[in-house]
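Secondary and tertiary structure notes
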Amino acid sequence: VLEKLYAGGDKPSDISIDPNHTYKYPIYANAVKNDGLIGYSKTFREDKPAITIAGRGSGTGHVLKRNGSFLPIVRLITAVPDTSIVDIDYLELVFFDMKTKITGSAIPQLTIPNLKNMEIKVPTLEEQAEIVLKVNKLKLVLGSLKDIKKRQNSLLENLKLSYLDKEFSYE
């Protein structure tokens, strides 16, 4: 289902922290913080929409969809889908759900051979779009439930503090 699957290479020696006319291509590394963005390069390796997956370390398995030209480095796995077979949003969901393919106990890692041997169900493009839509709706509901839980926890904490304040002030 992929046109390309590869791991990022070495960090270029010549980078810029901020984008500019010369350094305009984002450099993404094997990290979760700041979506892995570490700077900008003069060159890119990928110019098609792709999925990147952190291949090693504490963020192993962290999945992000990338649009636009970019340079993946430091074991960041890049998967470019064959869009005639698989929708990129569907593929992102599939990779997001692949924690079982991660190996290694001391330093977790995900390798190209792990991914190449991975079997996935590939429904029709129309069915993939329906699945993505349903999952996105569920994510919205889950986000709302998390917000409600946060508000309830805050209200309970305030209530507890108010009660304790009254108890200790002998009201």
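As a reminder, the structure under discussion sits directly above these lines.
The rules behind the values
Residues numbered from 1 in each chain as written. Predicted model: local features only at pLDDT ≥ 70, side-chain atom pairs only at ≥ 80, totals over all residues. Heavy atoms only, no water. Helix = DSSP H or I, 4+ residues; strand = E, 2+ residues; numbered from the N terminus. 1 Å grid on protein atoms, 1.4 Å probe; cavity = no way out; pocket = protein on both sides within 12 Å on 5 of 7 lines; lining within 4 Å. Points joined across faces, edges and corners; volume = space filled by probe spheres on them. Nonpolar A, V, L, I, M, F, W, Y, C, P; charged D, E, K, R; others polar. Buried < 20%, exposed > 50% of the residue type's maximum accessible area, 1.4 Å probe, protein only. Contact = heavy atoms within 4.5 Å. Salt bridge = Lys/Arg side-chain N within 4 Å of Asp/Glu carboxyl O. Pairing = 2+ DSSP bridges. Axes fitted to C-alpha atoms, helices over the stretch in contact; angles between N-to-C directions.

Even without glycine at this site, Asn34 takes up a positive phi of about 55°. Looking at where Asn34 falls in the secondary structure, it is placed in the loop between strand S2 (25-28) and strand S3 (37-41). For Arg75, which is not a glycine, the phi torsion comes out positive at approximately 60°. Take Arg75: it is sitting in the loop between strand S6 (71-72) and strand S7 (76-81).

This part is about empty space enclosed by the protein. Inspection of every chain in the model, using the stated rule, returns one cavity of 30 Å³ or more. Reported here for the largest cavity is a volume of approximately 40 Å³. Considering the residues around the largest cavity, the lining is formed by Ala29, Ala31, Asp35, Thr52, Ile53, Ala54, His62, Leu64, Arg66 and Leu76. Listed by contribution, the elements that provide at least two residues to the lining of the largest cavity are strand S4 (50-54) and strand S5 (63-66). Of the residues assigned to the lining of the largest cavity, the class counts are six nonpolar, two polar and two charged.

Below, the discussion takes up the side chain of Thr78. Turning to its location among the elements, Thr78 is positioned in strand S7. What makes Thr78 buried here is its relative accessible area of 0%. The residues touching Thr78, leaving out its near neighbours within four places in the chain, are Lys4, Leu5, Tyr6, Glu46, Ala50, Ile51, Thr52, Phe70 and Pro72.

If charged atoms from side chains of opposite charge come close, those side chains can pair. Using the criterion set out here, one finds five salt bridges in the structure. Residues Lys48 and Glu3 are paired through a salt bridge, measuring 2.6 Å at the closest nitrogen-oxygen approach. Pair noted here: Lys48 is in the loop between S3 and S4 and Glu3 is in strand S1 (residues 2-7), with a separation of 45 residues, a long-range link. Lys48 gets classed as partly exposed once you look at its relative accessible area, which sits at 35%. The exposure class of Glu3 is partly exposed, given its relative accessible area of 41%. With its nearest N and O atoms 3.7 Å apart, the salt bridge here joins Lys160 to Glu157. Taken together, the positions of Lys160 and Glu157, both in helix H3 (residues 125-168) and three residues apart, correspond to about one turn of that helix.

This part covers the sheet that holds S1. One open sheet holds the four strands; their spatial order is S1-S7-S4-S5, and the pairing between them is antiparallel. What marks the edges here is a single partner per strand, and that holds for S1 and S5. Mean inter-strand twist for the sheet, computed between neighbouring axes without regard to direction, equals 20°. In this sheet, S7 lies alongside S4 in antiparallel orientation, the contact comprising four bridges. The residue bridging Ala54 from the neighbouring strand is Leu76, located in S7. Along the sheet face, helix H1 (residues 88-96) touches S1, S4, S5 and S7 and points at about 165° away from the line of S5.

Attention shifts here to the environment of Phe70. In this fold, Phe70 is placed in the loop between S5 and S6. We classify Phe70 as buried; its relative accessible area is 1%. Considering only alpha carbons, one finds Phe70 and Ala50, 20 residues apart in sequence, at a separation of 9.8 Å.

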